[in-house]
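Residue-level listing of the chains:
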Amino acid sequence: MIGQYRGSADSERVTRSRVVKFIDEYRNSDLAKKLARTIASRSSRPVRIMEFCGGHTHAILRYGLRQLLPTTVETKSGPGCPVCVTATPDLDKAIAIAHLPNVITTTFGDMMRVPGSYSSLQQAKAEGGDVRTVYSVADAVDIARANRQKLVVFLGIGFETTAPTIAAAILKARQEKIANFSVLCLNKLTPPVMKALLDSGEVKLDGIICPGHVSVIIGSHPYEFIPRNYGVSCVISGFEPLDILLCIEKLVTQIENGTPTVESAYTRGVKPEGNKRALQLMEEVFEIDDANWRGIGIVPQSGLRIKSNYEEFDADKIFSIKLQPSREPKGCRCGDIIRGAATPLECSLFKTICTPESPVGPCMVSSEGACAAYYLYGTEANSFGLSKTKKLHSETK
Ligand code: SF4
């Protein structure tokens with residue numbers, strides 16, 4: 001049982017799903033403090049770790065994990081927020097499609113309020129466009145089935161996590177002969193953008209917290225080039241506070257030992273080979289292509305496009321859109337934040353002009369955005385009942 005946690009053996013116990021039965025047990029403050037003490041005892045020098053995923057940024061701030069960590073461990077937000085990394089020209093294209101007659105545009109809710117160069121999906125809706133929020137791509141297929149006289153476009157954003165469901169939706173639409181359904185495919189791939197960030201050298205990293213949900217699909221093998229070629233440690237993490245602390249403990253241990261490798265702190269969800277069925281679905285419908293990332297630019301082989309065999313479902317092929325030159329929100333530093341080169345606190349618009357009610361950039365709109373996380377939880381949040389980092393570490397001495 002989880003109550004039997006002891007010393008450094010704690011970490012291995014957290015990883016076994018049969019030991020932990022309820023989600024609350026992954027939020028146990030006593031165990032979190034024990035793991036934090038283990039991390040502190042192992043950390044002898046400054047290390048910089050990037051949490052790739054916006055979900056991790058939110059969990060780290062929400063549960064006050066930074067306050068638990070020793071000052072030697074720095075965590076940085078990365079590009080793992082699908083709404084945030086959608087490039088402005090791609091969003092402009094979606095907004096232009098939303099303005100077309102006889103079209104129903106379907107999208108996840110967060111995309112509605114993201115400002116494009118000249119408008120937003122929300123504004124397109126206010127101006128008469130038929131733009132609908134959906135909870136899954138399957139909802140978009142249902143809308144297409146019920147509105148055969150209209151063209152129904154799904155805005156396909158996200159990483160390897162959402163791509164299999166989009167592939168399945170396209171296969172279903174073909175099977176059911178739903179010819180009025182299509183996808184504007186903006187899906188992106190995780191390992192290639194990690195490579196791009198490491199190649200740029202802009203932010204020096206010692207370790208990466210790899211996204212658990214993406215890794216459920218792709219497995220752990222695709223990260224192996226990172227320790228091998230860049231000497232950077234990789235550990236896959238779930239999204240509960242103990243998952244993340246366990247992940248950081250493994251990263252710090254690898255870094256201190258000088259043995260960078262790929263490990264999983266999320267073995268209850270991730271197999272080394274990933275989810276074969278999901279990968280087959282992706283392989284059937286998509287091929288790899290270059291993709292445009294906000295703040296990073298075109299990253300080779302970092303996106304998906306619909307194969308020509310399924311081009312009747314490719315909104316890019318169906319709609320011929322001419323775009324005006326794109327422009328970024330003035331003063332917004334989302335691009336820097338996505339690359340880990342700045343924090344929201346370094347943006348002069350943060351909390352003054354830019355708030356969740358009146359967002360200037362996507363990082364404040366998205367539920368996975370770093371600016372939204374900083375706004376919601378600040379940097380002092382601490383759900384484990386410790387008011388100051390110093391207090392914890394004075395306890396450990
Ligand atoms: Fe952009 Fe607002 Fe974040 Fe500044 S605070 S980087 S303006 S989203």
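Heads up: the structure comes first, above all this text.
Residues numbered from 1 in each chain as written. Predicted model: local features only at pLDDT ≥ 70, side-chain atom pairs only at ≥ 80, totals over all residues.

(A) Spotlight on the nonpolar core. If you look at the biggest cluster of nonpolar residues, it comprises 119 residues, and the most contacted ones within it are I208 and I248. In terms of residues, this core owes the most to one element, helix α13 (residues 241-257), which gives nine residues. Other than its neighbours up to four places away in sequence, I248 contacts I39, I49, L69 and V73. (Core = buried A, V, L, I, M, F, W, Y, C linked by C-beta atoms within 7 Å. Buried ≥ 20, exposed ≤ 12 C-beta atoms within 10 Å, placed from the backbone. Helix = DSSP H or I, 4+ residues; strand = E, 2+ residues; numbered from the N terminus. Contact = placed C-beta atoms within 7 Å.)

(B) Just unusual backbone geometry, in detail. Of note in this structure, N102 is not a glycine but carries a positive phi near 65 degrees. Relative to the helices and strands, N102 is located in the loop between α6 (88-98) and β3 (103-107). For N102, a count of 10 C-beta atoms within 10 Å corresponds to the exposed category. In the Ramachandran plot, K351 falls in the positive-phi region, its phi being about 70 degrees despite a non-glycine side chain. Considering the arrangement of structural elements, one finds K351 in the loop between α16 (334-338) and α17 (362-365). Classification of K351 as partly exposed rests on a count of 14 C-beta atoms within 10 Å.

(C) Molecular detail of helix α8 (residues 137-146). Buried residues of α8: V137, A140, V141 and A144, and no others. All buried residues of α8 fall inside an arc of 100 degrees around its axis, so they share one side. Looking at the buried positions of α8, the neighbouring elements they touch are β3, β5 (151-156), α9 (163-175) and β6 (181-185). (Arc of directions from axis to C-beta.)

(D) Layout of the site of the ligand. Near the ligand lie 15 residues; those nearest to it are C332, C347, C354, G361 and C371. Every element with two or more residues in the shell around the ligand is listed here: α16 and α17. Its residues assigned to classes, the shell around the ligand comprises 13 nonpolar, one polar and one charged. (Near = placed C-beta within 6 Å. Nonpolar A, V, L, I, M, F, W, Y, C, P; charged D, E, K, R; others polar.)

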